Structures are given as C-alpha cells and as structure tokens.
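Residue-level listing of the chains:
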Amino acid sequence: MNVVDLLNRMPYTDLLGVDVVEAAEGAAVAELPLREEHSSVPGRTVAHGGVTYALADTVGGAAVISLHRKPTPTVDMRMDYLAPATADLRAEAEVVRDGGSVATARVRIEDVEGTHVADARGTFKTGGGGDGGAWGSADPEDAV
C-alpha cells in the first residue's frame with residue numbers, strides 16, 4: 001500500500017474529509033474542503049483551530065512516512081494561526097530534519113483563495129517499536 005492510500009484510509013481523515021493527494025520523498029500535500037461541521041462560529045464557516053491542526057498533523061506525518069515507509073506518531077506540533085480559515089484548505093509539508101529517532105516537518109496551510117492561514121512545525125517519532133515502527137505494529141497492513 002502506498003502512503004497516500006494509507007493516510008486516506010484512516011478513519012479520522014475520512015471523518016474530517018482530509019484528502020492526501022501527494023506524499024513522496026519527504027514532501028506531502030493534502031486538501032480539506034470546509035464543511036459546516038468544521039466551523040467554530042454558528043451560522044458561518046470559520047474552521048475550528050482543531051480542524052486546521054488535524055490537517056497539519058496529517059500532512060506532516062505523510063511527509064515523514066514517505067521517507068520511513070512505516071507509521072510515525074506525532075511527538076509534538078507547534079501551530080501559528082495567521083488568519084481565519086473560511087474557504088477550502090490546502091496544506092504542503094516538507095521534512096526539514098530526519099534524525100535517528102525523530103523527524104521534523106514544516107507545514108504551510110493556505111486557503112484556495114491564497115490566504116496564508118497557518119504555519120506548523122511537527123516532530124514525529126521514526127524509531128522504536130521493532131519492525132512495525134514506532135507504533136509497534138507487526139500488521140502488514142500498516143506497512144507502506
């Protein structure tokens with residue numbers, strides 16, 4: 001299974017509507033069409049910060065997984081919210097450091113109108129857990 005298929009099969013990404021469209025060589029792109037359920041403001045579409053965070057976490061993880069070919073759980077994520085998200089979102093991530101047991105990815109989120117909505121920097125665990133990766137899973141379905 002490839003990285004894009006793995007991430008798009010996650011129940012949480014399906015629930016939110018996140019679509020990972022690319023993930024290879026330490027970079028990834030994901031999109032999220034905003035829905036009424038994502039809003040933190042009744043009667044308007046203004047994405048809750050958790051929605052933006054989940055998009056950043058997913059695409060950052062996809063970039064790291066594309067290098068390691070196994071699950072890489074999030075250790076830490078720092079978000080800078082720069083503008084309200086009021087239109088469909090697109091996130092781009094790139095791995096900026098791939099160490100022995102953790103990797104760091106930088107994420108930029110914009111809406112489809114070009115507004116820079118948020119920046120994130122995530123740290124992901126890449127070592128430990130044996131052959132199944134940091135999650136410790138030996139399930140072949142987890143391998144990518």
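It should be emphasised that the depicted structure is a prediction, and the values quoted were computed from it without experimental measurement.

What is the right way to look at the overall build of the chain in this model?
The helix and strand tally for the chain stands at 3 helices and 6 strands. For the chain, the sequential pattern of α-helices and β-strands runs α-α-β-β-α-β-β-β-β. Looking at the chain residue by residue over its 144 residues, the buried ones come to 42%. Pairs at least 24 residues apart make up 59% of the contacts formed inside the chain by residues separated by at least 6 positions. Taken as a whole, the chain presents about 7300 Å² of accessible surface, with 48% of it coming from carbon and sulfur.

Help me understand the sheet that holds strand 1 (residues 19-24), please; the structure alone is not making it clear to me.
In any sheet, the strands associate via hydrogen bonds between backbone groups, in a parallel or an antiparallel arrangement. The strand order across the open sheet built from 6 strands is 1-2-4-5-6-3, with neighbouring strands paired in antiparallel fashion. Looking at which strands have only one partner, the edges of the open sheet turn out to be strand 1 and strand 3 (74-81). The mean inter-strand angle of the sheet, taken between neighbouring strand axes irrespective of direction, is 15°. Strands strand 1, strand 2 (27-32), strand 3, strand 4 (89-98), strand 5 (102-111) and strand 6 (116-125) of the sheet are contacted by helix 3 (residues 49-68), whose axis makes an angle of about 45° with strand 4.

Explain the pattern of salt bridges here, please?
When charged atoms on two side chains of opposite charge get close, those side chains can pair. The final tally for this structure, using the stated rule, is 6 salt bridges. With a shortest N-O distance of 2.6 Å, arginine 78 and aspartate 80 are connected by a salt bridge. Residue classification places aspartate 80 among the partly exposed positions, given a relative accessible area of 32%. Residues joined in a network through salt bridges with shared partners are Glu31, Arg90 and Glu92.

Help me out: how do you make sense of unusual backbone geometry in this one?
For residues besides glycine, phi is generally negative; the peptide bonds are generally trans as well. Positive phi values are uncommon outside glycine, yet glutamate 25 reaches one of about 55°. When you line up the elements, glutamate 25 lands in the loop between strand 1 and strand 2. Even without glycine at this site, arginine 69 takes up a positive phi of about 60°. Note on placement: arginine 69 falls in the loop between helix 3 and strand 3.

How should the pairing of strand 6 be read in this particular structure?
Put simply, side chains in a regular strand alternate between the two faces of the sheet. In terms of strand pairing, strand 3 meets strand 6 through 7 bridges, oriented antiparallel. Residue pairing in the sheet places arginine 78 in a bridge with arginine 121 of strand 6. Pairing between strand 5 and strand 6: 9 bridges, direction antiparallel. The residue of strand 6 that forms the bridge with alanine 103 is phenylalanine 124.

Thresholds, definitions, all that
Along each chain, residue indices are assigned from 1 in the same order as the chain's sequence is written. Only residues with pLDDT of 70 or above have their local features reported here, since the model is predicted, and side-chain atom pairs are shown and tallied only from 80 upward, although totals for entire chains, interfaces and linings are computed over all residues. Side-chain metrics rest on all non-hydrogen atoms present in the structure, leaving aside hydrogens and water. Comment: elements are numbered from the N terminus, with helices defined as DSSP H or I runs of at least four residues and strands as E runs of at least two. Buried residues are those whose accessible area, probed at 1.4 Å on protein chains only, stays under 20% of the maximum for their type, while exposed residues exceed 50% and partly exposed ones sit between those limits. Two residues form a contact once any of their heavy atoms are found within 4.5 Å. Only the protein chains shown count as covering a residue, and every accessible area follows the Shrake-Rupley method with a 1.4 Å probe. Here, strands pair whenever DSSP counts at least two bridges between them. Lines are fitted to the C-alpha atoms to define the axes, a helix being fitted only along its stretch in contact, and any angle between axes, read from their N-to-C directions, falls within 0 to 180 degrees. Salt bridge criterion: a side-chain nitrogen from Lys or Arg within 4 Å of a carboxyl oxygen from Asp or Glu.

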